[in-house]
Amino acid sequence: MLGQDLNPEQNRTLKPTSVSEFTFTFILHTITTKLCGTNYPLSIAFIVVNEFCERFSYYGMKAVLTLYFINYLHWDKDLSTAVYHAFSSLCYFTPVLGALIADSWLGRFKTIIYLSLVYVLGHVVKSTGAIPAVGENVTHVVLSMTGLVLIAFGTGGIKPCVAAFGGDQFEKEHTEERRKFFSIFYMAINAGSLLSTIITPILRGDVQCFGGDCYALAFGVPAALMIIALVVFVAGSTLYTKSPPGGNVLLDVCKCIGFALRNRWRNSSREPRRAHWLDWAQEKYSKRLIYEIKMVLRVLVLFIPLPMFWALFDQQFSILILPWLFCFLTLSCQMLNSLLILVFVPIFDMILYPLIGLCKIKFITFSNSPWKSSPMTRYLLSPALSSLLIFTCSYSLFPEVCVAARRGLTGLSVVSARFVNTLPESLNVSVAAGVDFEIREDFGVSAAKSVARGQYKEVRCNAGLKEYSVDLGLLDFGASYTIVLKEVSGCGPEGLRAFKMLDIQANDVHITWQIPQYVLITAAEVMFSVTGLEFSYSQAPPNMKSVVQAGWLLTVAFGNVIVLIVAEGAGLKQWMEFLLFASLLIVVCIIFSIMAHLYTYVSPEQLDTMFQDGDGGGGGDGNDDGDLKKCQTEQLSLIAVAREKEKCSTD
């Protein structure tokens, strides 16, 4: 079958019976499995498009989620914010479940398919809950929460699998292409985020349905994009390299660790000391499994300090925004962040990193490793350390600007106003098109609303059959006003006067002062996040790549937990919180640099060389470091030969 011929794994073992058949097969393989004559497999195009549509679906839904809670479900801001952050955190804890299913049971391909179906179902349920005709408010709440839980399990479950599955498509010698793939993959994430945060709010506000804002459409479009993502992913199924699941990996790992601890406890006093505590499991478990567990534990330990980065990073979308402007300005910040990422990723990949390589700059090296001077070393951990330093500087060098700008972030022509009515009859005040205040009689107070900055000379006020015109004057950037409306005798037909009280001073620092900080923050994210994706994949054993990807995503979840603990428990002023996080991040940089220096870089492909003859499941002296050095030297030689052959074939 043609579908079988297109499978890369089967193509590698195909044995033609004649020269013509060999030529035809080679040409067919090259045309159908490679992109434009490069070493990039055609299958990654389907994966990248799938990721773009999935991220459009996710961020498009989140773009209007808080407004949906407040305006449609009629929740207060505290409850809306709490549910929003709980949902976001759940999306970063569920990757562990998806990774275990992929590596232990279904494999990455089937896991993505099945959890994408759960994802689509969640979107459908969520969109149904936004239709006013479907039940009462309780029904809407139940459907909305059910949909969000399904979405969290869907998006979180496939998150570690898609990145790892994309890395699986590359052959072992194409490490540079695989590294660039993760940059392209991250660009697809942010392209989807950028477009969705522009389009979805427009669908909600500009399109009217069921007599109001069309939340059903705003949630329905992301649902359609997720269906497209699933269809695109399935369409490339014949081209994928599909790694089979490795059995019940989690159970084997837990049993191996438990046996090692018990054996060490019982026999450590009677037997010679072993190189690593996991080596006490060699009596029962294979050296390969033990070494793979060591690899995973080394990486996970290296991840321990990293949540501090995300704790500071994620505040650009939360704490720095005044509560009543949260939705509007969060979208603006997120769009700026996504746009800068799309600009920075190719600049870093094609200009900055090669320039660093030409200058032979080594920020940090791995001890006991023949990879010390290789570009891969700089690409993996030194950019992560640099990003931490850049991020710290962005908050510690400009504290006054940060606080002033964030205190008056309404520099985007937004003003807050409320009215007090002293008349004995109710008033309707029309400040601008679509901005009306209904105020009860006898010192009734209206709700605060946002209006555009400007001069308001003639504002119409209707009190029953009477109509007044009042002069509010200038409503300035970032200010908050309480306006008392009082009838003054002797003023002719326009006997209503407005007395303004300034609750919050107008902003005197323009929001563009934050652009340099967002540039630094985004530069840090590009170096940190893309590097983390590639590092998590390259340093994981073949049967535990999704698990390690999930461990990387957990750093984001724990970063959010740190923010909640500090914000809710410490009771510090905002500038003190930023100073605390920046100081902690400096400490983390120092700790991380020491840990990175002591880390030994491992190529998972070396496992096949180290254990190609098998080890029978027990015995051995536990001297893995000597075997590793030998295998790394052999690996470098093989890579050099492969690159030389590739260069000759290209010439």
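This structure is a prediction, so every number in the text was calculated from the model and none was measured.

Student: What should I look at first to understand the overall build of the protein in this one?
Tutor: If you tally the helices and strands in the protein, you get 23 helices and 13 strands. Excluding contacts between residues fewer than 6 apart, the proportion of contacts in the protein whose partners are at least 24 apart in sequence is 73%.

Student: In this structure, what is going on with helix α12 (residues 249–267)? I would like to understand it.
Tutor: An α-helix turns once every 3.6 residues. As a result, residues three or four positions apart point the same way. With 19 residues, α12 extends 27 Å between its outermost C-alpha atoms, agreeing within 8% with the 27 Å of an ideal straight helix rising 1.5 Å per residue. Among the residues of α12, Val249, Val253, Cys256, Gly258, Phe259, Ala260, Asn263 and Asn267 are the ones counted as buried. Elements that come into contact with the buried residues of α12 comprise α7 (95–106) and α13 (287–303).

Student: Looking at this structure, how should I read the packing of helix α8 (residues 108–129) against helix α11 (residues 215–235)?
Tutor: In a pair of packed helices, the angle between the axes and the distance between the axes together describe the arrangement. Two elements in contact, α8 and α11, have axes separated by 9 Å at closest approach and are oriented at 165°. In this view, α8 runs roughly antiparallel relative to α11, as classed from their interaxial angle. Crossing of α8 over α11 shows left-handed handedness. Two secondary-structure elements touch here, α8 through Phe109, Ile112, Ile113, Ser116, Leu117, Tyr119, Val120, His123, Lys126 and Ser127 and α11 through Ala216, Phe219, Gly220, Pro222, Ala223, Met226, Ile227, Leu230, Phe233 and Val234.

Student: Help me understand the pairing of strand β5 (residues 435–439) in this model?
Tutor: On a regular strand, each side chain points to the face opposite its neighbour's, so the side chains alternate between the two faces of the sheet. Of the two faces of β5, the one holding Val435, Phe437 and Ile439 is buried and the one holding Asp436 and Glu438 is not buried anywhere. When strand β4 (residues 427–432) meets β5, the two strands line up antiparallel, connected through five bridges. If you follow Ala432 over to β5, its bridge partner there is Val435.

Student: Which parts of the structure should I look at to understand the pairing of strand β9 (residues 459–463)?
Tutor: Residues Val459, Cys461 and Ala463 line the buried face of β9, whereas the alternating positions Arg460 and Asn462 sit on a face that is not buried. Alignment of β4 against β9, held across three bridges, turns out to be antiparallel. Bridging from a neighbouring strand, Asn428 pairs with Asn462 of β9. Pairing analysis gives five bridges linking β9 to strand β10 (residues 466–470), with the strands arranged antiparallel. Note that in β10 the partner of Asn462 across the bridge is Glu467. Connecting β9 to the antiparallel partner β10 that follows it, the hairpin turn spans two residues, and Gly464 within it adopts a positive phi of roughly 65°.

About the thresholds
- Residues numbered from 1 in each chain as written.
- Predicted model: local features only at pLDDT ≥ 70, side-chain atom pairs only at ≥ 80, totals over all residues.
- Heavy atoms only, no water.
- Helix = DSSP H or I, 4+ residues; strand = E, 2+ residues; numbered from the N terminus.
- Contact = heavy atoms within 4.5 Å.
- Expected span 1.5 Å × (residues − 1).
- Buried < 20%, exposed > 50% of the residue type's maximum accessible area, 1.4 Å probe, protein only.
- Axes fitted to C-alpha atoms, helices over the stretch in contact; angles between N-to-C directions.
- Parallel < 35°, antiparallel > 145°, perpendicular 65-115°, else oblique.
- Left-handed = near helix turned anticlockwise from the far one by under 90°.
- Pairing = 2+ DSSP bridges.

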